[in-house]
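Below are the chains, spelled out letter by letter.
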Amino acid sequence: MSHGSDGFWTDKVVMITGASSGIGKGLALEIAARGGNLGLLARREDLLAAIVEEVRALGIKAVFATADVRDAQAVREAADRFRRELGPIDILIANAGIGTADHAVRLTPEHAAKIININVLGAVNSVAAVLPEMVECGHGRLVAISSLAAYRGLAKSAAYCASKAAVSAYFESLRIDLRHTGVAVTTIHPGFIKTALTAGRAAKMPYLMELDTGVKKIVAAIEKEKKTYAFPWQLATIVRASMLMPAAMYDWIAARNSFRE
Ligand SMILES: NC(=O)c1ccc[n+]([C@@H]2O[C@H](COP(=O)([O-])OP(=O)(O)OC[C@H]3O[C@@H](n4cnc5c(N)ncnc54)[C@H](OP(=O)(O)O)[C@@H]3O)[C@@H](O)[C@H]2O)c1
């Protein structure tokens, strides 16, 4: 079993939301392989149970709890269970999220509310379930899985882009408030990674990454205790350059390159 850089993960307790599939599951398996203990949260019990069984076979302590991240009380009860069974939570990875590909004309307020409730308030609830205890013991790290979609509006992604912009801003404010508390913040801005969220997408997905590649980059950024990390570098550079563009130029390029269907 490899234990990451300098045993960074060894015996750490890591809570991951949205751990039943995709990036969350990939992070769980990679962190377990590096010696971290896991508290896994999502709604699909059978998938979580299978992951827990797989990592326990590696000698890792792992517990799962089923909860909807929109339910603050249920998320807190899950975190309480992880603390009881595994010890204090060292790292939260707020990863649970859903995507969308609705054109503005078809985007209903109900669907927009669902995306924002899961992606934004779900992350808020997850932070609330661990932060008081982290501040109390003067130690911890909050990791947000935001997106390169946080930086500018993309076609057919109004609610998703708004949700990820909110997540990034929320965690940036937390990072500033939490200086001198011993609790650090890492915000991850991934580009396109092959998961259920991107599967079957008709639109162009430049620099689409294999799940394993994306997961290893996220794990390495946490090990390096980065404040923010955007990848892959090619797409992150394009996105950063687009932030300097005037709106008319950005609209022309964004409409021509409809990266999300
Ligand atoms: N894939 C990409 O290209 C990409 C790029 C940038 C950012 N991201 C972000 O990465 C995160 C993970 O996405 P993914 O690509 O791995 O998609 P995924 O395979 O669909 O995984 C999403 C995870 O979130 C969980 N989830 C969804 N709604 C939930 C809820 N209400 N309560 C609790 N858990 C919930 C799902 O579990 P249950 O259904 O079992 O609850 C699942 O484990 C998302 O925040 C996404 O925005 C993805």
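Please read these numbers as outputs of a predicted model, since none were measured by experiment.

**Q** Got a sec to walk through the overall build of the protein chain? Specific residues and values, please.
**A** When helices and strands are tallied, the protein chain shows 9 helices and 7 strands. Computed over the C-alpha atoms, the radius of gyration of the protein chain is 18 Å, within 12% of the 18 Å expected from 2.2 N^0.38 for a compact globule of 261 residues. The dimensions of the protein chain, computed from C-alpha atoms along their principal axes, are 55 × 35 × 35 Å. In the protein chain, buried positions account for 49% of the 261 residues. Sequence-distant contacts, at least 24 apart, represent 71% of the contacts inside the protein chain between residues at least 6 apart. As displayed, the protein chain has an accessible area near 12100 Å², and 55% of this comes from carbon and sulfur atoms.

**Q** If you had to explain the site of the ligand to someone new, which residues and values would you point to?
**A** Around the ligand sit 31 residues in total, of which Ile-23, Arg-43, Tyr-160, Ile-193 and Thr-195 are the nearest. Asp-68 places a side-chain nitrogen or oxygen 2.9 Å from a nitrogen atom of the ligand. In this structure, an oxygen atom belonging to the ligand sits 3.5 Å away from a main-chain N or O atom of Gly-97. Relative to its unbound accessible surface of 880 Å², the ligand loses 95% to contact with the protein. At the level of elements, α1 (22-33) and α6 (158-177) are the ones that each hand at least two residues to the shell around the ligand. Counted by class, the shell around the ligand contains 15 nonpolar, 11 polar and 5 charged residues.

**Q** Give me the lowdown on the packing of α1 against helix α7 (residues 211-223), citing residues and values where you can.
**A** Direction vectors running N to C along α1 and α7 enclose 65°, while the axes themselves pass 9 Å from each other. Handedness of the α1/α7 crossing: right-handed. Residue-level inspection shows Gly-22, Ile-23, Gly-26, Leu-27, Glu-30 and Ile-31 of α1 in contact with α7, the latter providing Leu-211, Asp-212, Val-215, Lys-216, Ile-218 and Val-219. Among the residues forming the contact of α1 with α7, the class breakdown is 7 nonpolar, 2 polar and 3 charged.

**Q** Would you mind going over helix α8 (residues 233-242) in detail, with residue names and values included?
**A** By the burial criterion, the buried members of α8 are Leu-235, Ala-236, Val-239 and Ser-242. The arc enclosing the buried residues of α8, seen along the axis, measures out at 120°, which places them on a common side. Of the surrounding elements, those touching the buried residues of α8 are β7 (228-231) and α9 (247-256).

Definitions and cut-offs
Counting from 1, residues in each chain are numbered in the order their sequence is written. This being a predicted model, a pLDDT of at least 70 is required before a residue's local features are given, and a value of 80 or more before pairs of side-chain atoms are given or counted; all residues contribute to the totals for chains, interfaces and linings. Excluded from the side-chain calculations are hydrogens and water; all other atoms, namely the structure's heavy atoms, are used. Each helix is a run of H or I in the DSSP string that is no shorter than four residues. Each strand is a run of E no shorter than two, and both are numbered from the N terminus. Note on method: radius of gyration uses C-alpha positions; expected globular size equals 2.2 Å times residues raised to 0.38. For every residue, the accessible area obtained with a 1.4 Å probe (protein chains only) is divided by the maximum for its type, and the residue is called buried under 20%, exposed over 50%, and partly exposed between those limits. Residue contacts follow a heavy-atom distance rule, with two residues in contact if any of their heavy atoms lie within 4.5 Å. Here the Shrake-Rupley method, with its probe set to 1.4 Å, supplies the accessible areas, and only the displayed protein chains count as covering residues. Nearness of a residue to a molecule or strand requires only that one of the residue's heavy atoms be within 4 Å of it. Distance and chemistry together define a polar contact, namely a pair of N or O atoms within 3.5 Å, with one atom able to donate a hydrogen and the other to accept it when in protein, and with adjacent residues in sequence counting only for side-chain atoms on both sides. Residues are grouped as follows: Ala, Val, Leu, Ile, Met, Phe, Trp, Tyr, Cys and Pro are nonpolar; Asp, Glu, Lys and Arg are charged; every other residue, Gly included, is polar. Lines are fitted to the C-alpha atoms to define the axes, a helix being fitted only along its stretch in contact, and any angle between axes, read from their N-to-C directions, falls within 0 to 180 degrees. Less than a right angle of anticlockwise turn of the near helix away from the far helix marks a crossing as left-handed, whereas a clockwise turn marks it as right-handed. Each direction from the helix axis to a C-beta atom contributes to the arc, which is the arc of those directions.

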